[in-house]
Amino acid sequence: MERVRRHSPSFPVHLKYDEAMMNKKLAVTAAMSTLLAACGGGGDNLSPAPVSQLFAQTNDSTNAVVRFTRGADGTLTPQASVQTGGKGTNGVNYFMGNIVAPDALTSNNSVILSTDKTRLFVANAGDDTVSTFSINSNGGITLLAVSPTGGTRPTSLAYLNGVLYVTHQQGAQELGAYRVGQDGKLTAIARYTVVQQDALPTQVSISPDGKFVVVNGFLKTVDPVQPANTLLAFPINSDGSLGTAVDSASAGVGPFGGRFGTGSLASTYVVTEAAGDTASSYSFASNGTFTPVSGPVTVTGQAAPCWLAITPDNKFAYVSSGSGTVSLFSLDSTGKLVLLNATAATEPAVSSSTSSFANDSWISPDGKYLYQDYAGDGKIVAYSISAKGALTKIGEQPVNTQSKISLQGLTGT
């Protein structure tokens, strides 16, 4: 406007006023567009910012997903639970002789998300089904389908390229591959033997290169208890079916949970060894074999280290145990595992008959917060993670399961 006035001293006042008003309208329009974009409107290609959430399952007879929104400070706000349409075990623990006891599913990954975070899958061990949910743009979840797996007690899940892999606690073929339809329904591709009939696989996962389904074989037999000491890698075929498993001996006794590193440590696999009270790390080769890098490292003073979470920067690993304790390990650039603090976090038991029982855990994508199930206490605890890996409790949320101890699974966005 100043340039126009200098070169046009007789510029009409009403035109200057109209131009000013037009500029004001354009500024308001731009501001409104920005506001609409932030609220999810203003164009077909715009969508609301993803809602940060945490999901678990009650494992009640009438199973349900419990969910929380996660604040920027890591705290949890409870949201309405949603029934899975399937049945949990109500705390009945097959491994413990079908008594009601914490960690009724004896597994990792009973609740998982699809790679694109648009689907949530839940294992219903009480009626041998898997529930598929869609995750809505506002963060809500909608049940799409409840599908029978054809196996007995599904407890661990992994997903890749439209195929869901499920391990079961009993049967001749305890690993299944299922195509997931647009409607959420599962269609069986094939089933596979894991270790031997009626073994107790505790976790199924996908290798970072997407070429193998990895199964940890916790037990060869349940009664008597006989550890399998086996890590299995099934090559994935183009149609999602699996080839013959590559069998690697574990460094420690009773491998239970495992997590791959990321980035430069994507070929590093850290494993908890429940029967030996240890943890180990391995190098995973392109042919599906595991070679020990470090361990077995004793988780000092803790019993049944089973669950595991690794920070996104690969610096720290947190091992959760049946003792109700979270232990802190460091990982170096070679994947070597070192115990830093055997009792980085713990919660007192609310029952004289069991520990607080720290089982499933999950770390936020930014690496700032660890969320921990305490099945024996029926609650989820949130911790902040310091630059040196130390944990500081910032809050807790009760889950209020029917049996008070059946809480299982943990994942989030």
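Up top is the structure.
Predicted model only: the values in this text are computed from it and were never measured.

Trainee: In this structure, what is going on with the overall build of the chain? I would like to understand it.
Mentor: When helices and strands are counted, the chain shows two helices and 31 strands. Across the 413 residues that make up the chain, the buried fraction comes to 51%. For the chain, the proportion of contacts with a sequence separation of at least 24, taken over those separated by at least 6, is 50%. Total accessible area computed for the chain in this model is approximately 17200 Å², and 53% of it derives from carbon and sulfur atoms.

Trainee: I'm lost on the nonpolar core in this one. Help?
Mentor: Proteins that are soluble and globular tend to have nonpolar side chains buried together. Residues Y165, L175, V204, V213, V215, F234 and L242 are the most contacted members of the largest nonpolar core, which totals 16 residues. A309, F316, A344 and A345 belong to the second-largest nonpolar core, a separate cluster that totals 15 residues.

Trainee: Would you mind showing me how to read the layout of surface pockets here?
Mentor: Over the atoms a probe the size of a water molecule is rolled, and this reveals where empty space is left. Empty space within the largest pocket amounts to approximately 1200 Å³. L113, K117, R259, W362 and T411 are the residues nearest the centre of the largest pocket, which is lined by 42 residues in total. Of all the secondary structure elements, the ones that give two or more residues to the lining of the largest pocket are β7 (111-113), β11 (152-160), β15 (200-206), β19 (255-260), β23 (305-310), β27 (358-363) and β31 (408-412). For the lining of the largest pocket, the per-class residue count stands at 20 nonpolar, 19 polar and three charged. Counted as a void, the second largest pocket has a volume near 340 Å³.

Trainee: I'm lost on the packing of aromatic side chains in this one. Help?
Mentor: Two numbers describe a pair of aromatic rings. These are the distance of the centres and the angle of the planes. Scanning the model with the defined rule gives 13 aromatic pairs in all. Here F95 and F218 contribute two aromatic rings whose centre-to-centre distance is 5.8 Å and whose plane-to-plane angle is 65°, an arrangement assigned as edge-to-face. Here F95 is found in the loop between β5 (92-93) and β6 (99-100), whereas its partner F218 is found in strand β16 (residues 212-221), with 123 residues between them in sequence. Judged by relative accessible area, which is 24%, F95 ranks as partly exposed. A residue is classified by how much of its surface remains accessible, and F218, at 6% relative accessible area, is buried. Geometrically, the ring pair formed by W307 and F357 is edge-to-face, given 5.8 Å between the ring centres and 65° between the ring planes. Residue W307 is found in strand β23, and its partner F357 is found in the loop between β26 (337-346) and β27; the two are separated by 50 residues along the sequence.

Trainee: What am I meant to see in the sheet that holds β11 here?
Mentor: Strand pairing within a sheet occurs via backbone hydrogen bonds; the two strands may be parallel or antiparallel. Pairing is antiparallel across the open sheet formed by four strands, whose spatial order is β11-β12-β13-β14. The sheet terminates laterally at β11 and β14 (186-192), the two strands that pair on one side only. Going from strand to strand, the sheet's axes swing by 25° on average, the running direction of each strand aside. Pairing analysis gives six bridges linking strand β13 (residues 175-180) to β14, with the strands arranged antiparallel. When the bridges of β14 are listed, A177 appears paired with A190.

Parameters at a glance
Residues numbered from 1 in each chain as written. Predicted model: local features only at pLDDT ≥ 70, side-chain atom pairs only at ≥ 80, totals over all residues. Heavy atoms only, no water. Helix = DSSP H or I, 4+ residues; strand = E, 2+ residues; numbered from the N terminus. Buried < 20%, exposed > 50% of the residue type's maximum accessible area, 1.4 Å probe, protein only. Contact = heavy atoms within 4.5 Å. Areas by Shrake-Rupley, 256 points an atom, 1.4 Å probe, with all protein chains shown as cover. Core = buried A, V, L, I, M, F, W, Y, C linked by side-chain atoms within 4.5 Å. 1 Å grid on protein atoms, 1.4 Å probe; cavity = no way out; pocket = protein on both sides within 12 Å on 5 of 7 lines; lining within 4 Å. Points joined across faces, edges and corners; volume = space filled by probe spheres on them. Nonpolar A, V, L, I, M, F, W, Y, C, P; charged D, E, K, R; others polar. Phe/Tyr/Trp six-rings, centres within 6.5 Å; stacked < 30°, edge-to-face > 60°. Pairing = 2+ DSSP bridges. Axes fitted to C-alpha atoms, helices over the stretch in contact; angles between N-to-C directions.

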